[in-house]
Each structure stands twice: as C-alpha cells, then as structure tokens.
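Spelled out from the first residue to the last, the chains are:
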2 protein chains.
Amino acid sequence: MRRSIATVSLSGSLADKLTAIGAAGFDGVEIFENDLLGSDMSPEDVRRRAADLGLTIDLYQPFRDFEAVPPDVLAAGLRRAEHKFAVMERLGATRLLVCSNVSPAAIDDDALAAEQLRLLAERAAEHGVDVAYEALAWGRHVDDYFHAWRIVRAADHPNLGLCLDSFHILARDVDPYAIRTIPGDKIFFVQLADAPTLPMDVLHWSRHYRCFPGQGDLDVAGLVDHVLRTGYDGPLSLEVFNDIFRQAAAMRTAQDAMRSLIALEEVVQRAGDAPRPGGALPPPLAPTGFAFAELAAPSAGPVGELLGALGFVRGGRHAGKPVELWEQGAARILVNSGSAEGQDGPALAAVGLESPDPAASVKRAEALLSPVLPRLRGPRDAPLDAVAAPDGTEVFFCRTARPDHSSWTDDFSRDRRPAGEAPGEITHIDHVALTQPWHHFDEASLFYRSVLGLRPHDSLELPDPYGLMRSRAVSTEDGGVRVALNVAYVGAHDGRYDLAWQHVALASADIVATARRAHAAGAATLAIPDNYYDDLEARFDLGAERHRLLRELGLLYDRDEQGEFLHFYTATIGRVFFEIVQRLGGYRGYGAVNAPVRLAAQHARRTRRAPQ
Amino acid sequence: MRRSIATVSLSGSLADKLTAIGAAGFDGVEIFENDLLGSDMSPEDVRRRAADLGLTIDLYQPFRDFEAVPPDVLAAGLRRAEHKFAVMERLGATRLLVCSNVSPAAIDDDALAAEQLRLLAERAAEHGVDVAYEALAWGRHVDDYFHAWRIVRAADHPNLGLCLDSFHILARDVDPYAIRTIPGDKIFFVQLADAPTLPMDVLHWSRHYRCFPGQGDLDVAGLVDHVLRTGYDGPLSLEVFNDIFRQAAAMRTAQDAMRSLIALEEVVQRAGDAPRPGGALPPPLAPTGFAFAELAAPSAGPVGELLGALGFVRGGRHAGKPVELWEQGAARILVNSGSAEGQDGPALAAVGLESPDPAASVKRAEALLSPVLPRLRGPRDAPLDAVAAPDGTEVFFCRTARPDHSSWTDDFSRDRRPAGEAPGEITHIDHVALTQPWHHFDEASLFYRSVLGLRPHDSLELPDPYGLMRSRAVSTEDGGVRVALNVAYVGAHDGRYDLAWQHVALASADIVATARRAHAAGAATLAIPDNYYDDLEARFDLGAERHRLLRELGLLYDRDEQGEFLHFYTATIGRVFFEIVQRLGGYRGYGAVNAPVRLAAQHARRTRRAPQ
C-alpha cells in the first residue's frame, strides 16, 4: 500500500513539512492549499522538492462549495477551478479533492449536483486532472459517502470518482460496509483519521481532536478492509486536524504518523483474505510480566531505606556499574546511582518486561520506528534488548532466569541474603505509572498499543489541585503488565506544579501487614486526610473495625462489581514514589476515585517540605 | 447582594483557596466536598479559618443521587446524609446542595422524588440544615429548574427549597422567565456561571468551559434580574469548572471572579426597577479613540526609521524622559527608549485612550479591581490617569489637546516640524492587537468589556503554522476603539514559537500611496507569497490592473457585505510590527481570512533572520 499524508497534519512551514514527511518514509503527500498559500515556494519549487524527497503529490485539496448551485455561482466556481488546474499543473498534481458543498447557496438536488460535477470533470479532463468528490460529515445536503457515490455514479464521467475519509464516515456512525459495493476504480482517494470518542458536534470534533489511526476509538482498520476488498490500490493517506500535533515538532509527528500506518496495515493484513506484500512486521509478542523497574537515583540511600522498610532485600550488585538490585517475591527494583542527577531528583528511568522472545520484541519495535538502544553498554555486560518509549523511558525486553536465554540478572553478583529470604508480603509489580509530556500522549498510547500489543482502556479525567489530569491505562489481557499513562489535560505552564510524577505500584498479598511493616520501620508514607475517612464511612458500610483499620494505616479503598482495592503510597523521592496495592477479587481498576485525594495530599506534603 | 464563590472555581489547596477568596473581598464561600476531602484541615479548622477571613460558609456541596430511588438505595442515601450533616455541623454550614439524580437507579416518579426529598428535609431539619435541590442539565429525569420546583412544591417542607444555577438553565436554553413565579423564600441558593457558545454535549461543556459572568455568551444578568424580582436576598455565588482556571493562580482568579460579580451587579441594577444599595460603581465611559500607542524600544532608531518611512514625523520629545512622539494625522506613536530591553526586544507597552473624563475612567477601573498606576512619574510630568490591563499593558485615559483638561502632550517639547506637516496618508490608529498570556484570556476579555465598556465580538480560530490561535476583538459601537485579543489556543510550550507578537494597525486614507511611500523609503515590509495572489485571482475577479497592483505592493485583500479591506504589514521589530489598513465602505472586520498567510510569512521571515 502506498503511504501518504496531508501537509495539514504537521506543524511548520510547507518546506519543513515536506522534509519531515520525506524523512519518515512516506511515498506521497497531499498538498493542503493553505500550506501552499503561506509558502514562498512556487508550485514548481514544491514539485521539485517533493521529487527530491521521493514523494509524489497525490492530492491537491480542498476545493470547496462547488456543486449544486445557481448558474452565477457555478460560473464563479468554474473560473476558480481553472485557476486551481493551473496551479496543479505547476505542482504536477493530477488529483483534486472536491468537498461536498456546505454553503447556504447549495441546492438540495442530486441531479443538479451530478450535472455540475460532470461539467467540472470535463474541464478537469482537459488538464489531465481527476476530481475526487468527498461527502463531508457536515455537508449541507450531501453528508454520507453513499449519497456522494450516487451522485458520482449519476454524473458518470471517467475523471470523476469518490474520496472516502474514515473520519467523515465513522464519526457519524455511517455503516462503512456498503463501501464494498463501490467499484475500486471509482474510489479515487482514501483519507484516514481516527478520533477519541468525545461528546461534541462533529465539525468541532473533526477540527480539533482527530488523531492517527490506533490512537482513538474509531474502527479505521475495519473501514480500510472494506476499501481494499473493492480492489482500490491507491494511497492510504493520513489527514489529521489536531490542536496538539499543530504545535508539536513535525519530524516527530511524521514518525508517529508512519508508525500508525504500519500498525494499521498489519491489522488489515491479518483481517484480509490474503496477505499482501510488505507484511514483514514481526508479530506482536505480549509481555507476560514486569522483570524490573529501574530508578535513576544518584544517592541510592533514601530509596534503599524505603525499599528495606517495605520488606525488600538488596539481592545483588551489578558487576560493572553502581546498580543495586532490590528484590521481594517477583518484584525487582534496580537502583542506579551511576546516572546524573536530574533536576527533579530520582526518576523512573527504565522498565523491564518479560518477553517470550526479546530479540523479536526489539525487531518489532524497530519496525515500528522506536529508537533501539545500544545492545552492549559495557564490555562485560550481558546483551540487552531495549528500546526507548516516547517519553524517554527505556523499555527492556527480558527473560529473567530462564534456561533458554541469557538473563539480565547474570550481571549481578548475589549478595549474602538471597531474594527468597525477603521478609515482606509483596509479590510483584502491579503496574507502573508514567507521566507523559503533554504533546506526546497520543504517541505514547499508540506505542504501547502497537509495539507492545497492550490494550488501551478508557481515558479518565482526574482533578489535581492544579489542573485536570488525563489518565489512560494500557494492559495485557490478563493484567500481567499494566501501565498507567498520565498527562496534564491542558498544558500546565506554571513550573511550580509541573513536576512529572512517576510511580511503581507493588502488589502485596497482605497490605495490612505491609503497611504495619512500613510504619514500624519508620518509612515515610503519604498521610491521608481524616476527612477522606469520614467520607468513606458515609459512602460505604465496611464495619467499624475495618474503617478504623483503614484510617489507622492510611489505606485508601475502592470497589467495583468484581472486587475490592486497597492501596497506600510512600512519600515522593524526587519524581518517584511507590504505591502498594492489594486487589481482592477481580478488581481491575487503579483506584482512580481516590486520585484527587492522593494528589492533593502529595501537593500538600510537597509544599510543606519546600515552601517557596 | 452577598457575594460568594465555590472553592472548586479556584486552583490549589483548600487553605489557599480560602485565603484567595477572603483576599478578593467575598462575603461567603461554597465548600466543594472534594476540596475538603483532600485537605488536612478539619471541618473545625475550615470553620475558624473562614471566620477569620470574614467568610460565611454558605453551602456544602454536592450531595448526589439521592432522590427517587428504591428503598435500599434510599436507606444508604439517608445514612450518607447523616454523615454529611455531622460534617456540616462541624463546618458551621447550614445549607446542603442536592443535585438531581443522574444514576440509572433513579425512577421517573415525581411523587416519589418529592416524598424522599421531604424525608431528607425532615432529617436535615433535626440538624438545622436546609436542603437546596438543583436540577442538573443532565439529570436523569429532572433536568430543568421548573421541574425541580414542582417537586419541591409537592414535597412542601420548610427545610427544602431550590438551588438555581445559571449554567444548568441557560446552557439548555430553558426559558428563565418563569423564575419570577417562584416565591423568593423558596429559592435557597443561586449559583452563577457563564460559558462561551460551544457545539458540544452540555456535560462536557459544563466540566471544562464554564467561565465567570460576562466572559461568555450566556445572559446571566437577565437570569439574575428574574431571580431578584422574586425577593431572593441570598448570595449570588460563582461556581465555575474551567480547565484553565484550575491551573491559574488562585489569588488572581478570585479577583477576576469578583470583578465579574461587580460588573454583573451593575447591569442588573441598571435593568432592575429600583437601584439597590451599594451601586457606587462609576458608570462606563466609552473611549472615543486612541490617543497614542507607546513602544518600549531601548534603541529608538529602527522604530523611528520605520515610522519615518510610513510618513510619520517626530513631533516632539518628552521634557524629562527619553520618549519621542511620532505623529501623522491623529495617529501618535510614542517611542520610549528609557525602558529596559525585554528579552524579546521592543514591545508595545502602553495604549492611550481618549476619555470624556479620565479621572472617572480610572475610578471605574479601580472599582473593578484594576491596578491603578502611580499618577505622577516624575516631578515635572503632567498627572496621568492610567491602569494596568491583565496582560500588563498600561492603559492611559487621556484628553488630548482639549481646553477642558491637561493634555499628556504638554510634557512634550515641540520639534521644528509640527505634526500637521506629516507628509503621509495615515489618519489614525485603527486598532491594536495584543497577544494575551494563555491563562488570562477570559480575564482580559472581561477587563475590556467591563472596565472600558467595549463590546466583544465573536471568537475566531486562526491557524498559525505552529498551532491554532484564538482571536477575539472588542470595540466601541462606532469602531473608534478596537482591540484584537489573541492567544495560542492550547498552551504553546515550545519557546521557539512562543513569541507574543503585538501590533498597531494604522488607518490610511490611501493605502496604495502609503505602500509606495514605504517601499520608496526602503521600509522593510512583510513580503507576501505569490501563491496568495494566485489564489486571490481565483477567488475574486477584481480586474487585472487591481490584481497586479495588490501583488506588486504586497497588499492583502478581503471583503464582506459592507465593503472592502486592504492591508499590509511591516517587518517585526522585537515583539512589535505595524499594520497599515484601509477600510473601503463599511467593512467591519480585521482581515482574519488573511491571518494564516500573514502568520506563515512572519514565521518564515523570522526563521530566516535568526536561524536556530
């Protein structure tokens, strides 16, 4: 499949956009008219530049408010079209997008629309141009693709065909199945965009919140499958209007876009009847659990003390680097004091995931454009299979202590106390929570979905005292690997509150015992306001004894239909804190209902510790 | 009228919020439950703190999903209520907000709702608590205030009344007129919020985009007028959920909120039958034109050269400060080289507006909480009447060269060439455009509306190459004073593109002559891409000669039903540039259709001049 993208999807000047699109490996580009109008490049310059970058100009767009109009408006439209054909000739573009009319002047008359579009196609033919007619979801009279198809069919001109846009079709819940009945050679162009489900007018939604396929909630792959069954073999072209992508760096957005197309093609190939060529993407390998979490903590002392108080033992030291391995059950925390101190202090730097085949996991990540980290860090280190996640977190693929593979643990000399002797109740890492840079949230969610095969859950809004937080979990089907992605909902500009907290949640088999242990050892845990417990008693009747225990130990509580959830937090060290959780029954959430109280408490402790 | 505000409207901890609310001069506060739950302050602490700040606790809220439910849910609800009555007793709060039920468990049975609310009111009465029942716009069965009133009337208990919320009523276009039929003593509470018109689901709209009265498009004052006619004499309380206010500094938001209430009361008093006490706000005095625009430009040379090329003459120098006065017609530009160089270079620092009574203008601004600037800057200066706008721009109220008042021009020694000799075609300042900090846009729009009496126009979205820009003009009725307020739509974080451009638009009686003059004098004007002119020819048939002229001189063109608009831009010096405009016929806009091309061209010149 040819991969294309509209220039409007990226930020910057037209020249910058073309460069980024070429660098990301696209085959073609749609020139969005406004990008040309604001550019000093002549159409001939654009044509040459695109050719130099190996890009064909697949579409010139948009041409608006043409069809089904009174004669004087038609004349002006034809005049306008002649000017655009001239520009296209200079650009070397042979396909023009005509959007269904949104003007009040449009007449609700399909025959008239067909007649005038035929006239346009005749003129276009004289310039070697094809016209692709698209039903906008908010078109005045023509707002679904099948209606547009009836008009194109009636117009019956070889230079007139359809443009299908996944957003316009799926956002209005129009059934895409009937695409299969359209002859493939009458589909002149296919534009793809996804979007998160948002309760708003379709035009406002389209202008601000489109995203790349796989980042939202629309079944773009399903639609593409219908399209491909028609025999369509033109470009699949991304056309995204997104407030955040408009501001983000074009090179990076273009890569994100390409990742989205590669992942989409994989799904479509799996769904399709026969595999298409180019399907060289290694299949997804679901990680089976967390191997470790690594903290960059230049002074390892405070983190070690905290881990000790939670029942961890230091099980080993790295042979060649100042890295400690702390263990309890299958939970392993690396404390790396060899890294430079970030300005915010200790941070979560890396996550190890158990993979059935680490090398294959890296190959897939690489094919999906993730930066692969150097395999060998020191001459004596075991080889590492690792990539960088969009927020810079290093993701290692591991087979821990398996006979069939070298293990990262081999790099560690064992201390006297083996891990089996850890005294605590913690069994494994339940999840990690990573705060994302505001302009990479969608990219991160696609990374975890496509590269690691994790399933995205619903987006939540959590009120922090200094702004709304957006939170979305991704997980394996069995919950063995869970990652919570958080981001400030609107860019939080005030440096004071802009700290990107991250945390590691540890599963305890007996959270009451773990809490008592932590308190006895003097660990700094997050004090929860009494008011929370008063409200908990109002909301739930858990019996006086249990309520007393929760309050005494500072445990937070939630429940859903499947079960109960108990959790508490340690104090924050730098950017990082630990959460201890216990899932009772089949509880599947993350205690989001308690997040506002937790965030308020964390801000309060922070302010108190370092008043400004 | 008692002035109150809900804690949820501000950012920070509960303690911070109370401090800000007290400092802004409110009489009372609504305690939003989540703010209490996340706070270390006990209810008794909150009570004491509020009392110390002179605040009464007017409402505890919200109590959700209580009425019209099966017996087991009712029992849990009553149990929950007893806990809340206990908290309220500790807080010293005697009014509880009960929102109409949104739960799927709610039964569509008004009699049952009334019966259960009566039961709640009976329990509340035992604790000295009143229950204020509010119809949420998205209530499951009860979603308008009159429906809620029928239920309250049927329940018929002295401790049960209504809470009216302007957003819930106006957002759903429910006619507020019938409020007049409700006895004032059954209206227990009134919450006020405004919102901009946005095409989305009412719940999403409410949660993210509410703003203070006067900042949006709802007729909040009209609703309050109905309320006051019932005899209601309780608090008018602001309750705003806004993504941006959640992040902004609480002290400042509280002041903005107070300004909104003061301005609202003025409108209501003017609309009401009899003036109410406390109406000491000096009436609005519409400015009649621009007196001057002042640029802070440490090295005055480049700005002076540019002004000279546009046909300005240097008409005078300030007696005591390094400030030059450049004049042409009634357009006056001050170039102040005594100010410190901002990191972005020259900036628009002040605007002078012609006022019928400068001292009264300042009094009004002060009553609306604008910072008043010191009247005397130097021992020899004429007294100044000036305030600071929310973005820091100084706004001076002037009477230029009028016999009845001292004139700021008296501070300037006249140069040899009097202003009347300026050779150019520029007649006056058409408008100024000020880029607002992202978190003060609504505040700015209220400032210009309430303090200066300018009328806000529609909000526009303008695509900049590095993000959407929001733009809203405010003007006097006759267009004598026009200010365009611009802001990056989502916070633009990338410092490289974050420069807050400002500009002064100068009206020319003959823009062709002005453009020729500027080019002849070698002024750096903004080059407009040829592609723009190709498109202009496609869109309009202005005749070959006129098209040629526009292209040759780099003029941009727009038209509307009333007339035509021609404009061009100078190069940018620091943060500032000039626009030269000519309005033909009754054109009332600002050439917004050309903004994307202008912005692209400006970014292109900028990148070229200082590659990074």
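Residues numbered from 1 in each chain as written. Chains lettered and ligands numbered in written order. Predicted model: local features only at pLDDT ≥ 70, side-chain atom pairs only at ≥ 80, totals over all residues. Heavy atoms only, no water.

Inclusion rule: UniProt positions are given in the numbering used here, feature names are shortened, and annotations may be inferred rather than shown by experiment.
By the naming in an unreviewed UniProt entry, chain A is 3-dehydroshikimate dehydratase, taken from Actinomadura citrea. The heading Catalytic activity (unreviewed entry) in the UniProt record of chain A holds the text "3-dehydroshikimate = 3,4-dihydroxybenzoate + H2O". Per UniProt, chain A has the following entry under Cofactor (unreviewed entry): "a divalent metal cation".

1. Some thoughts on the interface of chain B and chain A
Formally: Here, two residues are considered to be in contact whenever any of their heavy atoms come within 4.5 Å of each other. Joining two parts hides part of their accessible area as seen by a 1.4 Å probe, and the buried area is that hidden amount summed over both. A pair is scored as a salt bridge if a Lys or Arg side-chain nitrogen falls within 4 Å of a carboxyl oxygen belonging to Asp or Glu. Within 3.5 Å is the distance limit for a polar contact, defined as a pair of N or O atoms, with the added protein rule that one can donate a hydrogen and the other accept it, and that residues adjacent in sequence qualify only through two side-chain atoms. Under the DSSP-based scheme used, a helix requires at least four consecutive residues in state H or I and a strand at least two consecutive residues in state E, with every element numbered from the N terminus.
Counting from both sides, the interface comprises 55 residues of chain B and, opposite them, 55 residues of chain A. Interface of chain B and chain A: buried area, both sides summed, is about 4,800 Å²; carbon and sulfur atoms make up 52% of it. At the boundary of chain B with chain A, the tally comes to eight salt bridges. Of the charged contacts in the structure, one is a salt bridge between lysine 84 of chain A and aspartate 535 of chain B, with a shortest N-O distance of 2.5 Å. Taken together, chain B and chain A are joined by 27 residue pairs in polar contact (both at pLDDT 80 or more). Mapped by element, the contributors of at least two residues to the side of chain B that touches chain A are α2 (33-37), α4 (71-91), α8 (202-209), β18 (455-464), β19 (467-475), α15 (530-539) and α17 (595-609) of chain B.

2. Brief notes about the relation of the copies chain B and chain A
Convention followed: What sets the superposition is a least-squares fit of C-alpha atoms, and only residues with pLDDT of at least 70 in both copies go into it.
Overlaying chain B with chain A gives an RMSD of 0.0 Å, the required rotation being 180° about an axis along which the chain moves by 0.0 Å. In symmetry terms, the pair is related by a two-fold rotation axis. Closest approach to the rotation axis within chain B is made by the C-alpha atom of methionine 200 of chain B, at a distance of 1.8 Å. An overlap of 100% is found between the interface residues of chain B and their copies at the interface of chain A, pointing to a shared contact surface.

3. Focus: the confidence of the model for chain A
Put simply, the test is: The pLDDT score gives, residue by residue, the confidence of the prediction method on a 0 to 100 scale.
For chain A, the average pLDDT comes to 92, and 93% of its residues sit at 70 or higher. When the criterion is pLDDT under 50, residues 608-612 of chain A qualifies, and its contacts beyond four places in sequence or with other chains add up to four contacts.

4. A word on the packing of helix α4 (residues 71-91) of chain A against α15 of chain B
Applied cut-off: Helix axes are fitted only over the stretch in contact, all axes being lines through C-alpha atoms; the angle between N-to-C directions runs from 0 to 180 degrees. Here the word oblique covers every angle except those under 35 degrees (roughly parallel), over 145 (roughly antiparallel) and from 65 to 115 (roughly perpendicular). Each residue is assigned to one class: nonpolar for Ala, Val, Leu, Ile, Met, Phe, Trp, Tyr, Cys and Pro, charged for Asp, Glu, Lys and Arg, and polar for all the others, Gly among them.
The geometry of α4 of chain A relative to α15 of chain B is characterised by a closest axis approach of 7 Å and an angle of 155° between their N-to-C directions. Looking at the two axes, α4 of chain A sits roughly antiparallel to α15 of chain B. In contact with Arg79, Arg80, His83, Lys84 and Arg90 of chain A of α4 of chain A, α15 of chain B contributes Asp534, Asp535, Glu537 and Ala538 of chain B. Among the residues forming the contact of α4 of chain A with α15 of chain B, the class breakdown is one nonpolar, one polar and seven charged.

5. Some details on the domain arrangement of chain A
It is common to give the size of an interface as the accessible area lost on bringing the parts into contact. All names here are of chain A. The line we're drawing: For the domains described, the bounds stem from an automatic or database domain assignment.
Split by domain assignment, chain A resolves into domain 1 (3-271) and domain 2 (289-609). Its C-alpha centre places domain 1 at a distance of 43 Å from the equivalent point of domain 2. Listed as interface residues are 20 residues of domain 1 and, on the opposing side, 16 residues of domain 2. Overall, the association of domain 1 and domain 2 removes approximately 1,600 Å² of surface from exposure, summing both partners, and the carbon and sulfur fraction of that is 51%. Looking at the side of domain 1 facing domain 2, the largest losses of area belong to Gln215, Arg252 and Arg259, adding up to 40% of the total buried there. Between glutamate 443 and arginine 259 there is a salt bridge, with its nearest N and O atoms 3.9 Å apart. At the junction of domain 1 and domain 2, the tally comes to eight residue pairs in polar contact (both at pLDDT 80 or more). Across the side of domain 1 that touches domain 2, the residue classes tally to eight nonpolar, seven polar and five charged.

6. Let's talk about the sheet that holds strand β6 (residues 160-165) of chain B
Residue and element names in this part refer to chain B. As a reminder, the rule being used: Strand pairing requires that DSSP identify at least two bridges connecting the strands.
Read around the barrel, eight strands follow the order β1-β2-β3-β4-β5-β6-β7-β8 and close on themselves; strand pairing throughout is parallel. Across the sheet, the axes of successive neighbouring strands diverge by a mean angle of 30°, strand direction being ignored. Pairing of β6 with strand β7 (residues 187-192), which is carried by four bridges, proceeds in the parallel orientation. Residue pairing for β7: leucine 162 is matched across the bridge by isoleucine 187. Running at roughly 170° to β7, helix α9 (residues 220-229) makes contact with β6, β7 and β8 (236-238) of the sheet.

7. Remarks on the packing of helix α14 (residues 511-520) of chain B against helix α16 (residues 544-553) of chain B
Residues and elements named next belong to chain B. The condition is simple: The hand of a helix crossing depends on one turn: near helix anticlockwise from the far one by less than a right angle means left-handed, and clockwise means right-handed.
As a packed pair, α14 and α16 sit with axes 10 Å apart at the nearest point and diverge in direction by 35°. Along this stretch, α14 crosses α16, giving a crossing that reads as left-handed. When α14 is examined against α16, the residues Val512, Ala515, Arg516 and His519 are found in contact with a partner set consisting of Leu549, Glu552 and Leu553. When its residues are assigned to classes, the contact of α14 with α16 shows four nonpolar, one polar and two charged.

8. Some words on the environment of valine 102 of chain A
Residue and element names in this part refer to chain A. Keep this limit in mind: The classification of residues rests on relative accessible area computed with a 1.4 Å probe and restricted to protein chains. Under 20% of the type maximum is buried, over 50% is exposed, and intermediate values are partly exposed.
With respect to the helices, strands and loops of the structure, valine 102 is situated in the loop between β4 (95-99) and α5 (110-126). Under the relative-accessibility criterion, valine 102 is labelled partly exposed at 32%. Taking the C-alpha atoms as reference, valine 102 lies 9.3 Å from phenylalanine 66; in sequence the two are 36 residues apart. The residues touching valine 102, leaving out its near neighbours within four places in the chain, are Asp65, Leu136, Trp138, Gly139 and Arg140.

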